Amino acid sequence: MSYITLHTAKLRHNYKVLNQLFAENEIEWAIVAKLLCGNEKFLQVLLNLSDKEICDSRLSNLKTIKKLSPKTQTIYIKPPAKRLAKSIVKFADVSFNTELGTLELLSAEAVAQNKVHRVVLMVEMGELREGIMALNLMQFYDEVLALPNIEVVGLGTNLNCLNGILPDEKKLYKLNRFKEIIEENSGEKIPYISGGSSVTIPLIFRKEIPLGINHFRVGETLFFGTNVYKDSLITGMYQDVFTLTAEIIEKQQKPTIPSGIAGTNLTGETPTFSEEEKGKSSLRAIVDVGLLDIDLKDIESLVPGIGIIGASSDMLILDLGENSGNLEVGDTIDFSMNYMAVLRSMNSDYVDKKVDTEIVPLESREDEYICLN
C-alpha cells in the first residue's frame, strides 16, 4: 500500500495567503493545476477553493475540469497541437498561442462551434521556450485580429521553466510596452498581460511589477509555499500540502555491502561501495513504492534518522537507523515530496490518492503578509 495525501486545510491556507497578496496588488490570478494530473478528487478540492480560472497543459485534464465545473474558465497554457484544434475550442475557453497556422484552425473550429475562442499571444522574452519573436509581434497580431471568432485577450510570457531565465522589472516593462504599442497601432484594447508565475511573486514584494502586469498563473508556490526565484521557502506558507505514505513489506538486518560479481542495475548504473563498510550491517526496510512512482532524490523520510539507500522499479530500500524498535512490517512511513515527486506520483496508477480534511493549526495568521526568505 502506498498513497499520496492532499492536506486540504494546508492548501486552503496557502490559497488564502496568495489570494490576499494578489487582491491587494490588483492582480488577477489563475491556478495552474497540471500537477494534479486530472485526478477528480484533488481537482474538486481545488475547485472548492476557486472555480474562476484553472490552467492546465493537458487537454484531458481540462475535460475533467469542465465535467466537474462547467462554469469554470479553462486555460490551455501551451501552444496547441493542430490536431487538437476541435477539442481545444470545445474544452478550453482560452489558449496560449504562437503559431498563425494553428490559430487559423482554431478560428475555423470556433466558427463551426459558434463560439468566440479567446487567446493569449505568448511573447519570447529570453527563455527560448514558446513565444513569438518581438520583431514579428505587430504583424502577427494584425493577422490574428483578422481571424473570425478569435479574440486576443492578452499577451503573456514564460520564464524560468527551460533555461532558468528569471523575470525582472526590465523584461516585464518591455512586455507591457509591447502591449501599449499594439494598442496604439491597432486601436484595439488588450485586457491582460499574463506576465507572472510562481517565480515572479517575489517581485511583488520588491515593488518591481510594472503597471499593466495584471495576471499571474500560479501552481508551485500555491502547492509548496516556495520562493521559486531564490529556490527557498516562504515563511507563513505550508510546504507539506502533499505527503507520500508507503508500507513496510520487509524489515531485516543485512550487510551494508552486497556480495558477488557486480554488473549494472536496473537504471544502468554500477553502484560503488566504500571498503570501510566491509563487515558492517544495518537494519533495513523495504517499502512498496519504487522508481515507477517516484525518483528517490525527490523525497525524504519524515521520520528522523531514516535514510534512503536505493530503489528498484517498485521497491524503495531504507536504512532505519535508530528506529528499529519503533517500526514493524505492516507499519507505514511518511515522506515529504517536492514538485517532481508529486507530479510523478500523481501520474502513477500504482499510488492511491487520498484527501485529508482534518483541521490543522495554522502556523501563521491569515491576515498577515508572508515573508520571503
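Computed from a prediction, not measured in an experiment: that's the story for all the values here.

K.L.:
Even after reading the chapter, I still don't get the overall build of the protein chain, so can you show me in this structure?
P.N.:
Per the secondary structure count, the protein chain includes 10 helices and 19 strands. Out of the 373 residues in the protein chain, the part that is buried amounts to 49%. Here the analysis covers contacts within the protein chain between residues at least 6 apart in sequence; of these, 66% occur between residues at least 24 apart. For the protein chain, the exposed area adds up to about 18200 Å²; of that, 50% sits on carbon and sulfur atoms.

K.L.:
For this particular structure, what's the right way to read the packing of helix α2 (residues 40–49) against helix α3 (residues 59–68)?
P.N.:
How two helices pack is summed up by the angle between their axes together with the distance between the axes. Axis separation between α2 and α3 bottoms out at 10 Å; the angle between their running directions is 60 degrees. Taken as axis vectors, α2 and α3 run oblique relative to one another. Note on packing geometry: the crossing formed by α2 with α3 is right-handed. Within the contact between the two elements, α2 uses Glu40, Leu43, Gln44 and Leu47 and α3 uses Asn61, Thr64, Ile65, Lys67 and Leu68. Of the residues belonging to the contact of α2 with α3, the class tally is 4 nonpolar, 3 polar and 2 charged.

K.L.:
I would appreciate a short explanation of the nonpolar core in the present structure.
P.N.:
In globular proteins that are soluble, nonpolar side chains generally tend to be buried together. By size, the foremost hydrophobic cluster in this structure holds 91 residues, and its most contacted members are Phe216, Leu222 and Phe242. Apart from residues no more than four positions distant in its own chain, phenylalanine 216 is found in contact with Phe22, Ile27, Glu28, Trp29, Ala30, Gly196, Ser197, Thr200, Ile201, Ile204 and Ile209. Counting 10 residues, the second-largest nonpolar core is a separate cluster that includes Ala30, Val32, Ile75 and Phe96.

K.L.:
Would you mind going over the side chain of threonine 243 with me for this structure?
P.N.:
Position of threonine 243 among the secondary structure elements: in strand β12 (residues 242–255). A distance of 3.0 Å separates the side chain of threonine 243 from the side chain of histidine 7, its partner in a polar contact. When sequence neighbours within four positions are dropped, the list of residues in contact with threonine 243 reads Tyr3, Ile4, Thr5, His7, Leu302, Phe335 and Met337.

K.L.:
Where do I start with the packing of aromatic side chains in this structure?
P.N.:
For any pair of aromatic rings, the description consists of the separation of the ring centres together with the inter-plane angle of the planes. Evaluation of the coordinates by the stated rule reveals 7 aromatic pairs. Ring centres of phenylalanine 224 and phenylalanine 242 lie 6.0 Å apart, and the angle between their planes is 35 degrees; on these two criteria the pair is classed as tilted. With phenylalanine 224 in helix α9 (residues 220–224) and phenylalanine 242 in strand β12, the pair connects residues that are 18 residues apart, well separated along the chain. Note on accessibility: phenylalanine 224 and phenylalanine 242 belong to one class, buried. Counting every residue linked through ring pairs, the aromatic cluster contains Phe42, Phe223, Phe224, Phe242 and Tyr339. Its guanidinium or amino end placed over the ring of tyrosine 229, arginine 206 lies 4.9 Å from that ring's centre, counting from NZ or CZ. In this structure, lysine 354 is placed above the aromatic ring of tyrosine 3, and the distance from its NZ or CZ to the ring centre is 4.0 Å.

K.L.:
Help me understand unusual backbone geometry in this model?
P.N.:
Excluding glycine, residues mostly have negative phi values, and the peptide bonds linking residues are mostly trans. Positioned with a positive phi, cysteine 37 is a non-glycine residue whose angle comes to about 55 degrees. Along the chain, cysteine 37 turns up in the loop between β2 (28–32) and α2. The backbone phi angle of asparagine 114 is positive, close to 55 degrees, even though this residue is not glycine. Relative to the helices and strands, asparagine 114 resides in the loop between α5 (100–112) and β6 (117–122).

K.L.:
Would you explain the sheet that holds strand β8 (residues 192–196) in this entry?
P.N.:
Sheets are built from strands that pair by backbone hydrogen bonding, the pairs being arranged parallel or antiparallel. Read once around its circumference, the closed barrel built from 8 strands follows the order β2-β3-β4-β5-β6-β7-β8-β9, with strand pairing classed as parallel. Between one strand and the next, the sheet's axes are offset by a mean angle of 30 degrees, whatever the strand orientation. Of the strand pairs in this sheet, strand β5 (residues 94–97) and β6 are connected by 4 bridges, and their pairing is parallel. Bridging across to β6, serine 95 finds its partner in valine 119. Relative to the sheet, helix α1 (residues 8–24) contacts β2 and β9 (215–218), its axis offset from that of β2 by approximately 150 degrees.

K.L.:
Mind showing me how you'd approach the pairing of β9 here?
P.N.:
The side chains of a regular strand alternate between both faces of the sheet. The side-chain alternation of β9 yields two buried faces, one formed by His215 and Arg217 and the other by Phe216 and Val218. Bridging between β2 and β9 involves 4 bridges; their strand directions are parallel. Bridging from a neighbouring strand, alanine 30 pairs with arginine 217 of β9. As paired strands, β8 and β9 are joined by 2 bridges and run parallel to one another. Looking across to β9, one finds that glycine 196 is bridged to phenylalanine 216.

K.L.:
Even after reading the chapter, I still don't get the pairing of strand β7 (residues 150–156), so can you show me in this structure?
P.N.:
With respect to burial, β7 is a largely interior element, 6 of its 7 residues being buried. Across 6 bridges, the pairing between β6 and β7 is parallel. Residue pairing for β7: methionine 122 is matched across the bridge by glycine 156. The parallel pair β6 and β7, bridged by helix α6 (residues 137–145), forms a crossover whose chirality is right-handed. In this sheet, β8 lies alongside β7 in parallel orientation, the contact comprising 3 bridges. Among the inter-strand pairings, glycine 156 is bridged to a residue of β8, identified as serine 194. Taking the sense of rotation as the criterion, the β-α-β connection linking β7, helix α7 (residues 169–186) and β8 turns out right-handed.

Conventions adopted
Residues numbered from 1 in each chain as written. Predicted model: local features only at pLDDT ≥ 70, side-chain atom pairs only at ≥ 80, totals over all residues. Heavy atoms only, no water. Helix = DSSP H or I, 4+ residues; strand = E, 2+ residues; numbered from the N terminus. Buried < 20%, exposed > 50% of the residue type's maximum accessible area, 1.4 Å probe, protein only. Contact = heavy atoms within 4.5 Å. Areas by Shrake-Rupley, 256 points an atom, 1.4 Å probe, with all protein chains shown as cover. Axes fitted to C-alpha atoms, helices over the stretch in contact; angles between N-to-C directions. Parallel < 35°, antiparallel > 145°, perpendicular 65-115°, else oblique. Left-handed = near helix turned anticlockwise from the far one by under 90°. Nonpolar A, V, L, I, M, F, W, Y, C, P; charged D, E, K, R; others polar. Core = buried A, V, L, I, M, F, W, Y, C linked by side-chain atoms within 4.5 Å. Polar contact = N/O pair within 3.5 Å; in protein donor to acceptor, adjacent residues only side chain to side chain. Phe/Tyr/Trp six-rings, centres within 6.5 Å; stacked < 30°, edge-to-face > 60°. Lys NZ or Arg CZ within 6 Å of the ring centre and 35° of its normal. Pairing = 2+ DSSP bridges. Right-handed = clockwise from strand over helix to strand, strands pointing away.

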